[in-house]
Amino acid sequence: MSLAQENAKYFDAQASTYNEKDWHKILSEQLHTAIRKNVGWIGLDWATDDDRSSSRKEVRLMDYACGTGMVTKALKPHITAATGVDVSSGMLDVYKQIFQTVPNDTSTAKTDIKVTAQQGDLLAQPADPALASAEFYGFDIVACSLAFHHFADVDLAAQRMAERLKPGGVLLIIDLLHHDGGYGHGHGHDHGHGDGHGHGHGDGHGHGHGHGHAHGHEHGQGHGHNHEHGQHIHGEHHTPASKQTPHSHLDVDHIDQVPEEVRKAIKVLSFGEETVKAAFDGAGLVDFQFMPLPEKAKFEQGAMKAERTIFFARAKKPLNLTH
């Protein structure tokens, strides 16, 4: 069974009770609030409240690995349309139910938006025909929350998501930061090669979730980069993420602490800044920004509990496509 299939199986089983877990409710609200507070940092010319009319500017979101729709809900006041895409049909059923049940939720937007959903896998090879039509291109923003660590090839993932953007559009990745303590039963570990996170996996879903593609990185020890809004992660080269080995900047050495049913759906626990930047650069994106959130997030899965730092990373598709 492929990793994408493992993820679909895992999240299909979780879907009906996913939003009922107390820790997940807290995590979803934490991310929802962080997205709302940082819409300016994301860097789009959003649809505004005073521009809500039949002729207002169109702002389209692809919520990739959408899960139950936390990103869609958080950005709802600022967009005119959202397309949720996920490999899990169970999660998509919940996503559709949420947005069909509360079409005029005044707590999240002053007016309705068009919300559609599609089961599909952007990383599929050959390309997934379910995502081939024009409606799955030309997005103002593609967001992927707590799913990047599921992808077998993050370079390919960034490239495939960037292809879905219109010129000037933004790719937003939300995931867990390495170098941030261990993943286990209450004690942390800090390893220089770790990219540190480990999804409790129920986590990736109100926000997004994993699609099931693992990956490994080899980032050699070299120079570090300091980005505005970013956290300095020392000693990383721009080795393509897909060519990296498991033990440089991916926190894989604690993956055995993750419950088996979750472990089947992931091979990477988290990322450092330069790992993400390399993937964005390889996808031809520009104006990269990286921002760790100040408040740690809590994850639970059976006996496993952890606190991790979440990061936001974003970059833009250049207006000049020959860039």
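Parameters and conventions
- Residues numbered from 1 in each chain as written.
- Predicted model: local features only at pLDDT ≥ 70, side-chain atom pairs only at ≥ 80, totals over all residues.
- Heavy atoms only, no water.
- Helix = DSSP H or I, 4+ residues; strand = E, 2+ residues; numbered from the N terminus.
- Contact = heavy atoms within 4.5 Å.
- Areas by Shrake-Rupley, 256 points an atom, 1.4 Å probe, with all protein chains shown as cover.
- Core = buried A, V, L, I, M, F, W, Y, C linked by side-chain atoms within 4.5 Å.
- Buried < 20%, exposed > 50% of the residue type's maximum accessible area, 1.4 Å probe, protein only.
- Pairing = 2+ DSSP bridges.
- Axes fitted to C-alpha atoms, helices over the stretch in contact; angles between N-to-C directions.
- Salt bridge = Lys/Arg side-chain N within 4 Å of Asp/Glu carboxyl O.
- Parallel < 35°, antiparallel > 145°, perpendicular 65-115°, else oblique.
- Left-handed = near helix turned anticlockwise from the far one by under 90°.
- Nonpolar A, V, L, I, M, F, W, Y, C, P; charged D, E, K, R; others polar.
- Phe/Tyr/Trp six-rings, centres within 6.5 Å; stacked < 30°, edge-to-face > 60°.
- Lys NZ or Arg CZ within 6 Å of the ring centre and 35° of its normal.
- Lys, Arg positive; Asp, Glu negative; His and termini not counted.
- Polar contact = N/O pair within 3.5 Å; in protein donor to acceptor, adjacent residues only side chain to side chain.
- Expected span 1.5 Å × (residues − 1).
- pLDDT = per-residue confidence, 0-100.

Undergrad: Would you mind going over the overall build of the protein chain with me for this structure?
TA: A count of helical and extended segments in the protein chain gives 9 helices and 9 strands. Of the contacts made within the protein chain by residues no fewer than 6 positions apart, 75% connect residues no fewer than 24 positions apart. A total accessible area of about 12,600 Å² is found for the protein chain, and carbon and sulfur atoms account for 49% of it.

Undergrad: I would appreciate a short explanation of the nonpolar core in the present structure.
TA: As a rule of thumb, nonpolar side chains are buried together in soluble globular proteins. Residues Leu31, Trp46, Leu75, Ile310 and Phe312 are the most contacted members of the largest nonpolar core, which totals 37 residues. Listing elements by their share of this core, those giving two or more residues are α2 (22-37), α3 (39-42), α4 (70-75), α5 (89-101), β4 (139-145), β5 (165-176), β7 (297-301) and β9 (310-316). Among the elements that make up this core, the one with the highest residue count is α2 (5 residues). Leu165, Phe271, Ala283 and Phe288 belong to the second-largest nonpolar core, a separate cluster that totals 36 residues.

Undergrad: Can you help me understand the sheet that holds β4 in this one?
TA: Backbone hydrogen bonds hold the strands of a sheet together, and the pairing may be parallel or antiparallel. In space, the 7 strands of this open sheet follow the order β3-β2-β1-β4-β5-β9-β6, with mixed pairing throughout. The strands lining the two open edges of the sheet, one partner per strand, are β3 (114-119) and β6 (286-292). For this sheet, the mean inter-axis angle between neighbouring strands, taken without regard to orientation, is 15°. As paired strands, β6 and β9 are joined by 5 bridges and run antiparallel to one another. When the sheet's bridge partners are listed, Met291 is paired in β9 with Phe312.

Undergrad: What's the story with unusual backbone geometry in this structure? I'm lost.
TA: With an omega of 5°, the peptide bond running from Gln125 to Pro126 counts as cis. Unlike most non-glycine residues, Leu146 shows phi in positive territory, near 50°. Structurally, the position occupied by Leu146 is in the loop between β4 and α6 (154-163). For Leu146, a relative accessible area of 0% corresponds to the buried category. The backbone phi angle of Asp287 is positive, close to 60°, even though this residue is not glycine. Mapped onto the fold, Asp287 is located in strand β6.

Undergrad: What should I look at first to understand the pattern of salt bridges in this one?
TA: Pairs can form between side chains of opposite charge once their charged atoms are near each other. For the structure on display, the rule yields 6 salt bridges. Between Arg314 and Asp287 there is a salt bridge, and its shortest N-O distance comes to 3.0 Å. Linking Arg314 in strand β9 with Asp287 in strand β6, this pair joins segments that are 27 residues apart in sequence. The class for Asp287 is partly exposed, based on a relative accessible area of 39%.

Undergrad: Honestly, the packing of α6 against helix α9 (residues 273-282) in this entry has me stumped. Any pointers?
TA: Helix packing geometry: the angle between the two helix axes and the distance between the axes. Two elements in contact, α6 and α9, have axes whose closest approach is 8 Å; the angle formed by their N-to-C orientations is 50°. Taken together, the axes of α6 and α9 lie oblique to each other. The way α6 lies across α9 gives a crossing that is right-handed. Contacts between α6 and α9 involve Val154, Asp155 and Ala158 from the former and Ala278, Ala279 and Phe280 from the latter. Here the residues of the contact of α6 with α9 are counted per class, giving 5 nonpolar, no polar and 1 charged.

Undergrad: It is not clear to me how the packing of aromatic side chains should be interpreted in this structure. Could you clarify?
TA: Given two aromatic rings, their pairing is described by the distance between the two centres and the angle made by the two planes. According to the stated counting rule, one finds 9 aromatic pairs in the structure shown. A centroid spacing of 5.5 Å and a plane angle of 85° characterise the contact between Phe280 and Phe288, whose relative ring orientation is edge-to-face. For the pair formed by Phe280 and Phe288, the shared burial category is buried. Here the aromatic residues Tyr64, Phe148, Phe151 and Phe271 are joined through ring pairs into a cluster of three or more. The cationic tip of Arg164 hangs over the ring face of Tyr137; the distance from NZ or CZ to the ring centre is 4.1 Å.

Undergrad: Is there a simple way to think about the side chain of Asp121 in this case?
TA: Tracing the chain through its elements places Asp121 in the loop between β3 and β4. This buried residue, Asp121, is left without a salt bridge; Arg160 holds the nearest opposite charge, at 6.9 Å. At 2.9 Å, the side chain of Asp121 and the backbone nitrogen of Leu123 are in polar contact.

Undergrad: What is the right way to look at α2 in this model?
TA: The first and last C-alpha atoms of α2 sit 23 Å apart over 16 residues, in line with the 22 Å expected at 1.5 Å per residue. The complete set of buried residues in α2 reads Trp23, His24, Leu27, Ser28, Gln30, Leu31, His32, Ala34 and Ile35.

Undergrad: Explain the confidence of the model for the protein chain here, please?
TA: With 67% of its residues at a pLDDT of 70 or more, the protein chain shows a mean pLDDT of 75. Contacts from residues 106-111, a stretch scored under 50 in pLDDT, to residues over four places away or in other chains number 12 contacts. With pLDDT under 50 throughout, residues 210-253 is counted as low confidence; its partners more than four residues away or in other chains account for 182 contacts.

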